[in-house]
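The chain contents come next:
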Amino acid sequence: MSRARVTVRLTVNGRAYVREVEPRYLLADFLRHELGLTGTHIGCEHGVCGACTVLIDGKTGRSCLQFAAALDGASITTVEGIAGEGPLHPVQEAFHEAHALQCGYCTPGFLMTTIEFLAANPDPTRDQIRQALTNNMCRCTGYLNIIEAVEDAARRLRAQEGGA
Amino acid sequence: MKPAAFAYHRPASLEEALSLLAVHGAEARVLSGGQSLVPLMNMRILSPAVLIDINRCRELAYIRREGGMIACGALARQGEAEASGLVAATLPLLASALPHVGVRASRNFGTLCGSLAHADPLAELPSVAAALEARFVIASARGRREVGAEAFFVSALTNCIEPDEMLAEVRFPVAAAGARTAFLEVANRGHGFAVAGVAATLEVDAAGRCAGVRLAAMGAGDTTVRLAAAEALIEDEGLSAAAIAAAGEAARAAVEPTADVHASAEYRAGLIGVLVGRALRAMAAAGPR
Amino acid sequence: MREIEDFTLIGKTILRREDSYLLRGKAQFLDDLPEPRGLIHLAFVLSPHASAEILAIDTAAARALPGVIDVLTGEDLAADVPPYAPVIELAGYRGVARPVVARGRVRHVGEYVAVILAESPYAAQDALDLVGVEYEPLPAVATIADGLAPGAPVVHEALGDNVIFRTRFATEGFEARFAAGEVVLEEEFSLGRVTGVMIEPRGCMAWPDPIATGITLWTSTQIPHIVRTAIAEHLGMAEANLRVVTPAVGGGFGTKCHLYPDEILVVALARRYGRAVKWVQDRREDLLTNVHAREHVLRLRVAVGRDGVIAAADLDVRTNCGAYPNHPFSPTLEATAAVRMMPGPYRIRAYRYEAASVLTHTAPTGAYRGTGQPSAFLAIEGMMDRIGRRLGLDPAEVRRRNVVRPEDFPYVNVVGVRYDTGSYLPSLERGLEMIGYDAFRRAQPADRLVDGRYRGIGICNYTEVSGTGAPGWRVRGFARMPGFDSSRVVVEPDGRVAVYVSQADAGQGHFTTFAQIAADRLGVAWEDVTVIEGDTAKTPYGTGTFASRGSVVGGGSVIRGSAKVGEKIRRIAGYMLGCEPSRLALGGGRVFDRDDPGRGLTLREVAETAYSMNNLPLPQGEEHGLEATDYYDPPMVTMANGTHVVEVAVDPDDGRVEILRYAVVHDCGRVINPKIVAGQVHGATVQGIGEALMEEIVYDGGGQHLNASLLDYLIPTAMDAPDLALGHIETPSIDTVAGIKGAAEGGLTGAVPAIANAVGDALAGLGVSITRVPLRPSTIVGLIAAARAARAGAA
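Residues numbered from 1 in each chain as written. Chains lettered and ligands numbered in written order. Predicted model: local features only at pLDDT ≥ 70, side-chain atom pairs only at ≥ 80, totals over all residues. Heavy atoms only, no water.

Caption draft 1: Highlighting the interface of chain C and chain B. The interface of chain C with chain B comprises 29 residues on the first partner and 22 residues on the second. For the pair chain C and chain B, the summed buried area comes to about 2200 Å², and 60% of that belongs to carbon and sulfur atoms. Summed over the shared surface of chain C and chain B, the number is four salt bridges. A salt bridge links arginine 278 of chain B to aspartate 654 of chain C, with the nearest nitrogen and oxygen atoms 2.7 Å apart. Linking chain C to chain B there are eleven residue pairs in polar contact (both at pLDDT 80 or more). Per element, the largest residue contribution to the side of chain C that touches chain B is four residues, and it comes from helix α4 (residues 121-128) of chain C. For the side of chain C that touches chain B, a count of residues per class yields 13 nonpolar, four polar and twelve charged. (Contact = heavy atoms within 4.5 Å. Buried area = accessible area lost by both parts, 1.4 Å probe. Salt bridge = Lys/Arg side-chain N within 4 Å of Asp/Glu carboxyl O. Polar contact = N/O pair within 3.5 Å; in protein donor to acceptor, adjacent residues only side chain to side chain. Helix = DSSP H or I, 4+ residues; strand = E, 2+ residues; numbered from the N terminus. Nonpolar A, V, L, I, M, F, W, Y, C, P; charged D, E, K, R; others polar.)

Rendered as structure tokens:
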């Protein structure tokens, strides 16, 4: 069993980090415990629940199924990076106004999924939204307000796009 | 639930990867998308001493047409295939099956070859490969060999790859003009973890008669199963309602599914028969693409 | 309680303040808390056997691993941490204790056998693989039937058999009343074993105070005060030296309203090592060891008149309680909930029941959203449909003829539970109207087939026990269940308000709704109220957040506490203004003369006097400070209600059930925040859809757990969540403060029977009888095949 550490260079939320970690160190643990970005949550560690979903080079990925070392050079966006300290992102606003979160533990993953989904599908149907949301699990909301929020976020983003 | 430690190698080329495999062989695993491998490592069902990460072997990242075949390298992601115009135009069965594979986040990273090598009899891609008569290109420092689905899938979660080999490419024959396809599966919920499914292709001649049908079932047993008896029945008798019903029955009789927490063996067998019928009817009703 | 009418914020949708940090990833769940120096990480060796003797445990290799601090077995811990047991004072219950870490015997797969103490979670996991445990496997029982079989292996030898609890009840003259019924129907219903699957598994961290003897326990729980009392009592600590704090809690659903062995252990180890100790549960441990629920078998027999009116009901309930009693409820919870709630919204006046809880070599079962109610209503609502089919009556009409009618309130049911108010008949009629019931029945073909699928409608009228107070818990023997909750409402020197509540939020929105309530009552801006809860050092004592009690009891206490502090504001302001306090009203952040609103003071001005920040005196006999503490013990229960009506299509070939239309009418009395209530209804209903159609923890006959991952234990995804049409009825309670009733469980309670009945209605023509959930595709196809075979055999 090798305990050798390897160097990993990641850009997270626009900021460059260099760390030495064991190759087996999961991205989720790296973000949470090396970088202190605890907004990315761990729910199952086998890739099903989606709580740990982050954007890896712009695409949603399970941070519990990625070794940080293997992503050397990648660019990661976590929930902390969506709006930074500024005003909420339109997707976050839509989740707030639709009451699309209760305990909120799963929410960071849903935000990532929604951002990726709406970028590719700016005007989705409810069926498409339901299909897209299978990327994540929520046990509190029954999903209905999340579906509303995604519809609303789509409207907000289209308006923003149109206004820009 | 954390993976055990391993020695990590990140070769920059296939050749380098194969030479690492030649050295580490049985104690090594190849990491591509990791969507099947890493859950097993987190649960410590698998604890390989050596991980050979092929993600920097860029030469393996392709989906391209080579004559009558679509060649997909070991780094061709499922999501890339799903978005590929080439796949949509030439491999409609694969295109229609991909949305059922895992979820968006897993398809973004999971590779076609990785899912195939995982050899889960309840997964979609092995049945797609079986129905399309895909070819599996297995490479090692000793050379390359090519096998079909029947040789590739040995049993549940077991393929025919030797310890010093890896699946370097999967090759799908381009669908014939006018080919019709169907991919159907049933799960205990709306999406994910199907209990059984059927991948089907149909070719029709100019007169609209069946010129060839291929049917493969998932959840049918230890591996994906080609439903030869049902195929033969349709090829002999055409697409009449009676022939389709008989084909469904033949499919049901031919499979030997296992029971698990999700479904009984009997249900799975019956369901495969039902889905064969539905697939055949849908393809018969569809016009040429 | 006197009627309160002048609401300004209660009843309005206010968007949640907690969202702002949750949406930015700034909330602090247990594993998000900053880690103290020298933190010890725990991992547990879990039993792979359902029943076995532990012959030897070899910890040497694990201890030798770098990063491992210690490895402790049950023997090593015996002196520090004795077994623990709930305190139950109820006839028919025979308690046994649960070891924190097993000694000598293991009784279910997943039981803690040894604990690793390590410098990091990765090292702790590595050490798990190196602990060698030698077991002598013993015979095991997993099911109720096997546990009751003559000669069955006994889970706890001291008890002699596996029945840990049995209770019986019969109304006077029951036999005669039953015999008077013209038609007798009988059916056995059962529910698979399920569990909460909060997206955040549990976890806890104990942190010794370096300069005192105190310990702070951070734990992802719904019941901080109950946890503190139990652990302090168990470990012989002064209660004041243990502080229990809940971080943000990622869902509870009842699963987190129990005291678990690890919570005791982290405190004991923090004392022993003088270091902080943390344990974070993984998903496998969640599914193996957190309380499961249901696995009930209910045999219901009813005697009915030809008019469909139930003359008498006889219910036998058996529950699988697993290997140990859960703490604090014990196995009596589910059993007594099921038998006490079966009469539900119906006028059943002759009733007999027997309930038994059966020990098996499986994980302990306990509270989960709905407790015995989904089971009770699966039985009685299933029976309503059967009565209709037997007598040729429409199932909705059978319900109309049996339901407690508006003029019957307040109504005391046959086991003595008072139904304060309710809208049972209006709710039923509204639900039927929303789904277009009559039109559906008129159009429903005789064979129920539409486009190759069978269509059916299912109805569930439910009552929902909520806001249970001390009398409600006492009558069921729960000696460590306070029943009351409390608040301390403080107008701070700056005139803004702090509200300390005894509860613990797990996503219900308390930080918004309790602020809304206090602001409403004190006439201040909502933004000027801060809510603090989930901390035993800061809040007064109370029960916690479960069993649909948060808004009723916590909210009620905030109303009362605000009223008390409001009185003091008026007294001081009256003195300052030189007028009678009774002339003064609160509003707009001021206290003012009702008849001369220009004459008044800001709350800050009053607070400055109260806190001696000016030269003004207090009225004679008035103490400094501007706060009030309230302990609110509500009545036995307040009864919410509602109706689910659902239309399904069942594919006979693949067995899939598709929900086509779904109407929910719910009545939780006075609503505090409509959007939050709707969220509770949505979430609970979809959990009910999961329980009805897909979820089940499966053990094999030998007690092996077969699906301890989310690949194998399926919960609903967005594709399983149909659009819900919601109908709101607001019938305030006459017993609780402001008429509030609970809202959290009815969605689940209504969904399970409604879906089962819809499938039953769809398949009735085939001779299929739906008696068990979950109704997976393979189950449905199997039932249809069996019914066809039976008919072919009979023909």
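Caption draft 2: Quick look at the packing of helix α16 (residues 510-522) of chain C against helix α17 (residues 550-577) of chain C. Residue and element names in this part refer to chain C. Their axes nearest at 9 Å, the elements α16 and α17 cross at an angle of 35°. In terms of crossing hand, the pair formed by α16 and α17 is right-handed. Note on element contacts: α17 touches α16 through Gly550, Gly554, Gly555, Val558, Ile559, Ser562, Val565, Gly566 and Ile569, opposite His510, Phe514, Ile517, Ala518, Arg521 and Leu522. In terms of residue class, the contact of α16 with α17 is made up of eight nonpolar, six polar and one charged. (Axes fitted to C-alpha atoms, helices over the stretch in contact; angles between N-to-C directions. Left-handed = near helix turned anticlockwise from the far one by under 90°.)

Caption draft 3: Fine view of the sheet that holds strand β18 (residues 449-450) of chain C. Residues and elements named next belong to chain C. Strand order in the open sheet formed by five strands is β18-β19-β27-β28-β29, and the pairing between neighbours is mixed. The open sheet has two edge strands with one neighbour each: β18 and β29 (725-728). Sheet topology note: the strand β19 (residues 453-466)/strand β27 (residues 638-650) ladder contains 13 bridges and is antiparallel. Note on β27: the bridge partner recorded for asparagine 461 is threonine 643. (Pairing = 2+ DSSP bridges.)

Caption draft 4: Representation of the domain arrangement of chain C within the structure. Residue and element names in this part refer to chain C. Partitioning chain C into structural domains gives domain 1 (19-26 + 484-632), domain 2 (33-138 + 202-280) and domain 3 (292-470 + 635-794). Domain 2 and domain 3 are separated by 37 Å when their C-alpha centres are compared. Contacts between domain 2 and domain 3 engage 27 residues on the former and 25 residues on the latter. The tally of links between domain 2 and domain 3 comes to zero salt bridges. For the pair domain 2 and domain 3, the number of links is seven residue pairs in polar contact (both at pLDDT 80 or more). Looking at the side of domain 2 that touches domain 3 residue by residue, the classes come out as 18 nonpolar, six polar and three charged. (Domains from an automatic or database assignment.)

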